[in-house]
Amino acid sequence: MRRSAPLVTLLTTLAPWAAFGQIPLLGEEVRLQSKRPANISTDLMDPMGRTRVHVTTRGTFSIPDEVFSDQSRWTFNLQGFVRIKEGLAVQAALPFALFSPPAGDNQFLVGNIRLGTAFGFDIRLQPDNRDVRSARLRIGGGVDVYLPTASQPDGPNVFGEAIVGAIRQIHSFEPELFIDDAMFFRLRAHVQLSFDFLILETEVGLSPGYTTESSPDALFLVAWGARVSAKPTYLVDPYLEASSSFHVVGKTDPRLDLDLAGTIGRDYDTPVWLTAGLRLHFGLVDPAFFASFNLDDFGVLFGIDLAGAARELVRGRSDRDFLDDVPTRR
């Protein structure tokens, strides 16, 4: 009983102060800040190199003449990012696709495996503002390699390339995932500007490559993406994205696109897709639901991104001057 008396006295003394909010229990402010969800995109890179995983599903029933048809296209992309240190991560992606025609057998495809790295740093634009959500400029880059693992459906080359091309159209920012018989090296540059709860970012990708046929041809693709997102709360992130890519080197006369050899008329241009989405945060899970609209040839696709990102421990910064602790002579 004697041992518990000091504890009872201490609790009795602290309880009124805690009830009136005079002291934070268990470092409440630091704990809440440490659970701050990361800003993550399904396609754009993270210049801070956070550890995260994505399982992204996209599907559309749209064809050039109909928004909702009997034909459907689906892609499934597994992505993993592992942080080596802050601002540096390695990553890999494994894509799959399913083509379901109005008649005939469904076609299941494997895409090109992606291996790469991402790096970056940030600059505090308001050094006098100690808030963790003060304005920041983040600059990042990355290097990706696409291994030529993409498969093609059985049948004539024209039939197979038409299916792969249809799948590629719904990955406007990264068509390299579904280009058969080719290898690419992608260089990425990313800029991100954040203001309190608003984040603006853009990214450009340059992809030199070559075909893996007996007589290889040089290829070069350019992709761009832009994103704006808001963080009104720690639980919900609405966002808007736009992206596309175009074929610079290796493209021939589009009138020859139906060459039976399948080697003439390569055209890897993708339409501009505008995406509206909502990302949620529950613990370590960050799912997103989105819909994309084809601005070139009207179409609609729907997607789910089952993602999870490691949280960063945000330590509170002291406003005290270090000279305050230096003893002085009185």
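Predicted, not measured: the structure shown is a model, and the values here were computed from it.

Focus on the overall build of the protein chain
Assigned secondary structure in the protein chain consists of 3 helices and 13 strands. Residue pairs at least 24 apart in sequence account for 59% of intrachain contacts in the protein chain once pairs closer than 6 positions are excluded.

A word on the environment of Ala89
Examined against the element boundaries, Ala89 turns out to sit in strand β3 (residues 88–100). For the pair formed by Ala89 and Gly116, sequence separation is 27 residues and the distance between their alpha carbons is 8.7 Å. Other than its neighbours up to four places away in sequence, Ala89 contacts Gly49, Val82, Arg83, Ile84, Gly116, Thr117 and Ala118.

A word on the nonpolar core
If you look at the biggest cluster of nonpolar residues, it comprises 16 residues, and the most contacted ones within it are Leu109, Ile167, Ile179 and Phe184. Counting only elements with at least two residues in this core, the list comes to β3, α3 (157–168), β7 (182–195) and β9 (218–230). Tallying contributions element by element places α3 first for this core, with 4 residues. One finds Ile170, Tyr239, Ala288 and Leu301 within the second-largest nonpolar core, a separate group that totals 6 residues.

Notes on the pairing of strand β10 (residues 236–249)
Pairing geometry for β9 and β10, over 10 bridges, is antiparallel. Residue pairing in the sheet places Ala223 in a bridge with Ser245 of β10. Where β9 hands over to β10, the hairpin turn is made up of 5 residues, counted between the paired strands. In this sheet, strand β11 (residues 270–280) lies alongside β10 in antiparallel orientation, the contact comprising 9 bridges. Bridge pairing links Ser245 to Thr270 in β11.

Here we look at the packing of aromatic side chains
Here the structure, examined in full by the defined rule, presents 2 aromatic pairs. When the ring of Phe61 is compared with that of Trp74, the centres are 5.9 Å apart and the planes differ by 90 degrees; the resulting orientation is edge-to-face. Remark: Trp74 occurs in strand β2 (residues 72–85) and Phe61 occurs in the loop between β1 (52–60) and β2; sequence separation between them is 13 residues. On the basis of relative accessibility, which here comes to 33%, the residue Phe61 falls in the partly exposed class. Centre to centre, the rings of Phe96 and Phe108 are 5.8 Å apart; their planes meet at 20 degrees, and the pair counts as stacked. Placement of the pair is Phe96 in strand β3 and Phe108 in strand β4 (residues 107–110), with a sequence separation of 12 residues.

Overview of the side chain of Ser244
Locating Ser244 in the fold gives a position in strand β10. At 2.8 Å, the side chain of Ser244 and the backbone oxygen of Thr270 are in polar contact. Ser244 has contacts with Ser172, Val222, Ala223, Trp224, Thr270, Pro271 and Val272, leaving out every residue within four places of it along the chain.

Digging into empty space enclosed by the protein
Here the structure, examined in full by the defined rule, presents 5 cavities of 30 Å³ or more. What the second largest cavity holds in volume is close to 210 Å³. If you go around the second largest cavity, you meet 20 residues; those closest to its centre are Asp43, Arg58, Glu241, Ser243 and Thr275. Of all the elements in the fold, those that place two or more residues in the lining of the second largest cavity are β9, β10, β11 and β12 (288–294). The biggest single contributor to the lining of the second largest cavity is β10, with 4 residues. Tallied by class, the residues present in the lining of the second largest cavity amount to 9 nonpolar, 7 polar and 4 charged.

Section: the pattern of salt bridges
Enumeration over the complete set of coordinates arrives at 12 salt bridges. The shortest N-O distance in the salt bridge between Asp144 and Arg188 comes to 3.4 Å. Residue Asp144 is located in strand β6 (residues 136–146), and its partner Arg188 is located in strand β7; the two are separated by 44 residues in the primary sequence. Put simply, Arg227 and Glu241 hold a salt bridge, and the shortest N to O gap is 2.6 Å. Here Glu241 lies in strand β10 and Arg227 lies in strand β9, a separation of 14 residues in the sequence. By relative accessible area, Glu241 is classed as buried at 11%. One connected set of salt bridges, linked through shared partners, spans Arg114, Asp144, Glu174, Arg186, Arg188 and Glu203.

Points about a nonpolar patch on the surface
Taken together, the side chains of Phe119, Val143, Leu187, Val204, Leu206, Trp224, Phe246, Val248 and Val249 make up a nonpolar region of the molecular surface, amounting to roughly 710 Å² of accessible area. Breaking the nonpolar patch down by element, the ones donating at least two residues are β8 (198–211) and β10. Per-element tally for the nonpolar patch: the top contributor is β10, with 3 residues.

Concerning the pairing of strand β13 (residues 300–309)
Within β13, 7 of the 10 residues are buried, leaving the element largely enclosed by the surrounding structure. Bridge count between β1 and β13: 9 bridges; the pairing is antiparallel. Within the sheet, the bridge partner assigned to Thr56 lies in β13 and is Asp305. Sheet topology places β12 next to β13; 6 bridges connect them, and they run antiparallel. Residue Ala288 lies in a different strand from β13, and its bridge partner there is Asp305. Counting the residues between successive antiparallel strands, the hairpin from β12 to β13 contains 5 residues.

Quick notes on the rules
Residues numbered from 1 in each chain as written. Predicted model: local features only at pLDDT ≥ 70, side-chain atom pairs only at ≥ 80, totals over all residues. Heavy atoms only, no water. Helix = DSSP H or I, 4+ residues; strand = E, 2+ residues; numbered from the N terminus. Contact = heavy atoms within 4.5 Å. Core = buried A, V, L, I, M, F, W, Y, C linked by side-chain atoms within 4.5 Å. Buried < 20%, exposed > 50% of the residue type's maximum accessible area, 1.4 Å probe, protein only. Pairing = 2+ DSSP bridges. Phe/Tyr/Trp six-rings, centres within 6.5 Å; stacked < 30°, edge-to-face > 60°. Polar contact = N/O pair within 3.5 Å; in protein donor to acceptor, adjacent residues only side chain to side chain. 1 Å grid on protein atoms, 1.4 Å probe; cavity = no way out; pocket = protein on both sides within 12 Å on 5 of 7 lines; lining within 4 Å. Points joined across faces, edges and corners; volume = space filled by probe spheres on them. Nonpolar A, V, L, I, M, F, W, Y, C, P; charged D, E, K, R; others polar. Salt bridge = Lys/Arg side-chain N within 4 Å of Asp/Glu carboxyl O. Patch = residues over 30% accessible without salt bridge, like charges linked within 9 Å, V, L, I, M, F, W, Y side chains within 5 Å. Areas by Shrake-Rupley, 256 points an atom, 1.4 Å probe, with all protein chains shown as cover.

Treat this as a map of the structure, not an account of what it does.
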